[in-house]
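# Architecture at a glance
Residue strings, one per chain:
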Amino acid sequence: MSLHFELVTPARQVRSEEVYMVVVPGTDGEFGVLEGHAPFMSTILDGTIRIYRAAGASPEEIKVQGGFAEVGDKGLTVLAEHVEG
């Protein structure tokens, strides 16, 4: 079971990988996305995206500033205005 996750900025693709779960800082609160999540779109706040490679694993954290997140048939795409690191 895996979720396809892409993290992009206007300048480049930062990530494109298969993961277990991603937690995103949405404007209405944090939300987690697993494989099979219903289609969904949200603006995101400045904050930290947490990427879990496997169930129960410690998350990798990536700081982002603003943007949008979209969950669709192909997985989760985050278009961030800026990614630190």
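Provided above is the structure to which this section pertains.
The following paragraphs examine the structure supplied in this document. Keep in mind that what you see is a predicted model, and the values were worked out from it rather than measured. (Residues numbered from 1 in each chain as written. Predicted model: local features only at pLDDT ≥ 70, side-chain atom pairs only at ≥ 80, totals over all residues. Heavy atoms only, no water.)

### Some thoughts on a nonpolar patch on the surface
Together, M41, F68 and L79 make up an exposed nonpolar region whose accessible area comes to about 310 Å². Tracing the sequence through the fold places L79 in strand 8 (residues 75-83). For L79, a relative accessible area of 38% puts it in the partly exposed group. (Patch = residues over 30% accessible without salt bridge, like charges linked within 9 Å, V, L, I, M, F, W, Y side chains within 5 Å. Areas by Shrake-Rupley, 256 points an atom, 1.4 Å probe, with all protein chains shown as cover. Salt bridge = Lys/Arg side-chain N within 4 Å of Asp/Glu carboxyl O. Helix = DSSP H or I, 4+ residues; strand = E, 2+ residues; numbered from the N terminus. Buried < 20%, exposed > 50% of the residue type's maximum accessible area, 1.4 Å probe, protein only.)

### Quick word on the pattern of salt bridges
Scanning the entire structure with this criterion turns up five salt bridges. In this structure, R15 engages E17 in a salt bridge whose closest nitrogen and oxygen atoms are separated by 3.0 Å. Given a relative accessible area of 15%, E17 falls into the buried group. For R50, the salt bridge goes to E30, with nearest N and O atoms at 3.0 Å. Of this pair, R50 sits in strand 6 (residues 47-52) while E30 sits in strand 4 (residues 29-34); the two residues are 20 residues apart in sequence, bridging distant segments of the chain. Each of R15, E17, R53 and E60 takes part in salt bridges that share partners, so that together they form one network.

### Remarks on the nonpolar core
Formed by 19 residues in total, the largest nonpolar core has its most connected members in F5, L7, L76 and V78. Those elements that provide at least two residues to this core are strand 1 (3-8), strand 3 (21-26), strand 4, strand 6, strand 7 (60-72) and strand 8. Excluding its chain neighbours within four sequence positions, the residues that come into contact with V78 are F5, E6, L7, V8, V24, I44, I49, F68 and A69. (Core = buried A, V, L, I, M, F, W, Y, C linked by side-chain atoms within 4.5 Å. Contact = heavy atoms within 4.5 Å.)

### Structural notes on the packing of aromatic side chains
A complete count under the given rule lists one aromatic pair for this structure. With centroids separated by 4.9 Å and ring planes inclined at 70°, the aromatic side chains of F31 and F40 adopt a geometry described as edge-to-face. On the basis of relative accessible area, F31 is assigned to the buried category, the value being 13%. Relative accessible area serves as the criterion here: at 35%, F40 is assigned to the partly exposed category. (Phe/Tyr/Trp six-rings, centres within 6.5 Å; stacked < 30°, edge-to-face > 60°.)

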